[in-house]
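Working through the structure, step by step
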Amino acid sequence: MAGDAVNPGSAQIPRAPAATSPPQQIIIQQPPRKSRWFGKLLTTALVVALLIIYGMYGSYRSYYGLAELPKEKYHSLSKTAQQKIAIINVEGLITETDGYVKKQIECVKNDPDVVGVVLRIDSPGGTVTGSDYIYHHLRKLAEDRKVPIVVSMGGICASGGYYIAMSVGGQKDAIFAEPTTWTGSIGVIIPHYDLSGLLGRFNVSDDSIASGPLKQMGSPTRPITPEERKLLQQLVDDTFAGFKQIVASGRPKFKDDPGGLDAVATGQIFTAKQALDHGLVDKLGFIEDAIARDAELANTTIDQVRCVKYEASNSLLSEFMNSRAPLGGAGLDVTALLDLTTPRAYYLWTFLPSALSNSRGQ
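To start, this report covers the structure provided alongside it.

Reading the values: the criteria
Residues numbered from 1 in each chain as written. Predicted model: local features only at pLDDT ≥ 70, side-chain atom pairs only at ≥ 80, totals over all residues. Heavy atoms only, no water. Helix = DSSP H or I, 4+ residues; strand = E, 2+ residues; numbered from the N terminus. Buried < 20%, exposed > 50% of the residue type's maximum accessible area, 1.4 Å probe, protein only. Core = buried A, V, L, I, M, F, W, Y, C linked by side-chain atoms within 4.5 Å. Contact = heavy atoms within 4.5 Å. Phe/Tyr/Trp six-rings, centres within 6.5 Å; stacked < 30°, edge-to-face > 60°. Patch = residues over 30% accessible without salt bridge, like charges linked within 9 Å, V, L, I, M, F, W, Y side chains within 5 Å. Areas by Shrake-Rupley, 256 points an atom, 1.4 Å probe, with all protein chains shown as cover. Salt bridge = Lys/Arg side-chain N within 4 Å of Asp/Glu carboxyl O. Polar contact = N/O pair within 3.5 Å; in protein donor to acceptor, adjacent residues only side chain to side chain.

Despite not being glycine, Leu77 shows a phi value in the positive range, around 65 degrees. Examined against the element boundaries, Leu77 turns out to sit in strand S1 (residues 71-77). Judged by its relative accessible area of 26%, Leu77 is partly exposed.

Before going further, it helps to spend a moment on the nonpolar core. Ranked by size, the top nonpolar core spans 64 residues in total, and within it Ile88, Leu119 and Met153 carry the most contacts. In this structure Leu119 touches Ile88, Val90, Leu138, Ile149, Val150, Val151, Ser152, Ile164 and Ser167, once residues within four positions along its chain are discounted.

What follows is about helix H2 (residues 100-109). Restricting attention to buried positions, one finds in H2 the residues Val101, Lys102, Gln104, Ile105, Cys107 and Val108. Buried residues in H2 make contact with strand S2 (84-91), strand S3 (114-123), helix H3 (128-145) and strand S10 (306-311).

The next thing to look at is the packing of aromatic side chains. One pass over the full model with this rule turns up five aromatic pairs. Ring geometry for Tyr163 against Phe243: centres 5.2 Å apart, planes inclined by 70 degrees, an arrangement best described as edge-to-face. Here Tyr163 is found in helix H4 (residues 160-165), whereas its partner Phe243 is found in helix H6 (residues 226-250), with 80 residues between them in sequence. This pair shows no difference in class: Tyr163 is buried, exactly as Phe243 is. Judged by centre distance (4.5 Å) and plane angle (55 degrees), the ring pair of Phe243 and Tyr347 falls under tilted. One end of the pair, Phe243, is in helix H6; the other, Tyr347, is in strand S11 (residues 346-348), and 104 residues separate them in sequence.

In this section: the environment of Lys109. Relative to the assigned elements, Lys109 resides in helix H2. Distance in space between the C-alpha atoms of Lys109 and Asp144 is 8.6 Å, their sequence separation being 35 residues. The contacts of Lys109, once residues within four sequence positions are left out, are Leu141 and Arg145.

Attention now moves to a nonpolar patch on the surface. A cluster of nonpolar residues, Tyr193, Leu195, Leu198, Phe202 and Val204, forms a patch on the protein surface that exposes about 490 Å² of accessible area. As for its placement among the helices and strands, Val204 is situated in the loop between helix H5 (196-201) and H6.

Now for helix H9 (residues 287-297). Of all the positions in H9, only Ile287, Ala290, Ile291, Arg293, Asp294 and Ala295 are classed as buried. Residues of H9 that are buried make contact with S1, S2, S3, strand S5 (149-158), strand S6 (175-177) and S10. Phi for Asn299, located one or two positions after H9, is positive at around 60 degrees.

The next subject is the pattern of salt bridges. Following the criterion strictly, the structure yields 13 salt bridges and no others. Lys273 is the partner of Asp277 in a salt bridge, and the nearest nitrogen-oxygen pair spans 3.0 Å. On the criterion of helical spacing, the pair formed by Asp277 and Lys273 is a turn pair, its members being four residues apart in helix H8 (residues 272-278). With relative accessibility at 47%, the residue Lys273 sits in the partly exposed group.

This part covers the side chain of Arg293. Within the element layout of this structure, Arg293 appears in helix H9. One polar contact links the side chain of Arg293 to the main-chain carbonyl oxygen of Lys172, over a distance of 2.9 Å.

Attention now goes to the side chain of Lys84. Its location among the elements puts Lys84 in strand S2. Lys84 gets classed as buried once you look at its relative accessible area, which sits at 8%. A polar side-chain atom of Lys84 sits 2.8 Å from a polar atom in the side chain of Glu72. For Lys84, the side chain forms a polar contact with the side chain of Asp111, separated by 2.8 Å. In contact with Lys84, other than residues within four places in its own chain, are Glu72, Asp111, Asp113, Val114, Val115, Gly116, Arg306 and Val308.

Here's what the structure looks like:
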């Protein structure tokens with residue numbers, strides 16, 4: 001109607017419906033199987049390459065004399081002192097020449113802060129060559145670095161172990177044995193076993209072809225002839241004479257008393273008390289007593305030095321890279337078996353020759 005008025009404020013304006021956006025689709029593309037296989041192959045090749053490079057790096061480090069040396073570890077005395085007394089450990093059978101003991105010697109040689117060495121020995125001895133090698137390098141260390149060496153004997157310090165103890169060089173009051181130490185056994189042995197009777201029971205005979213009658217001297221497959229025994233005895237006697245010379249150089253009292261040396265150089269093993277009475281050791285005491293004496297010889301006190309020792313620093317990976325399996329399989333070391341058939345002289349207190357794997361030889 002014309003009379004009806006329209007209120008603008010009350011007018012309802014229809015609104016258009018809100019536009020709805022289409023649903024988003026997320027598309028995940030799976031890599032082709034060939035690509036995944038190639039990635040795994042590349043990763044494997046990279047790991048193998050890194051292992052090979054690491055192995056070559058370790059080999060070259062060893063070749064150029066840069067192989068890892070043992071790590072230094074705090075043992076006792078002052079934790080803040082710069083000067084050090086270093087403990088060099090000789091443990092177990094002495095078989096190798098360039099082994100762990102030599103590495104410890106290198107640590108001392110390269111450390112100008114070391115003012116003294118305590119040689120801790122717990123060994124029944126070993127090969128003539130291995131014992132003499134360690135003795136030689138200890139003496140050279142003492143002379144080149146001008147550091148005193150004091151010996152601390154553990155449970156056993158016999159034969160080649162006692163030979164190494166002579167590296168004190170005649171220093172007074174420098175060889176300490178614990179109350180329960182067994183030491184001595186000054187002598188030489190070439191182990192030999194005659195298996196000819198056992199082989200005869202099985203109709204087995206030695207039919208080796210040799211260049212001369214003495215080429216098989218000492219073979220366990222046949223008895224030793226009188227001539228062979230005489231020659232082998234000469235080898236033992238000459239080596240034994242060298243042993244006694246080393247003892248005389250480390251025990252000055254025997255230089256003027258060769259009869260006294262002959263009395264103890266019978267191969268006999270002695271208790272610590274007996275060894276003290278015979279002049280084979282200087283004092284009964286523990287490693288702490290040896291450390292204190294070494295500090296005194298180095299013109300210092302135990303309050304002014306730090307005592308350190310060394311531990312192997314090989315990592316798990318380097319152990320894996322350098323591991324060697326026995327040639328004959330688990331439990332069989334062909335090298336050790338062959339060693340049994342080789343006449344070899346030992347500074348060793350034992351009833352049997354070395355028939356064990358020497359992977360931890362000193």
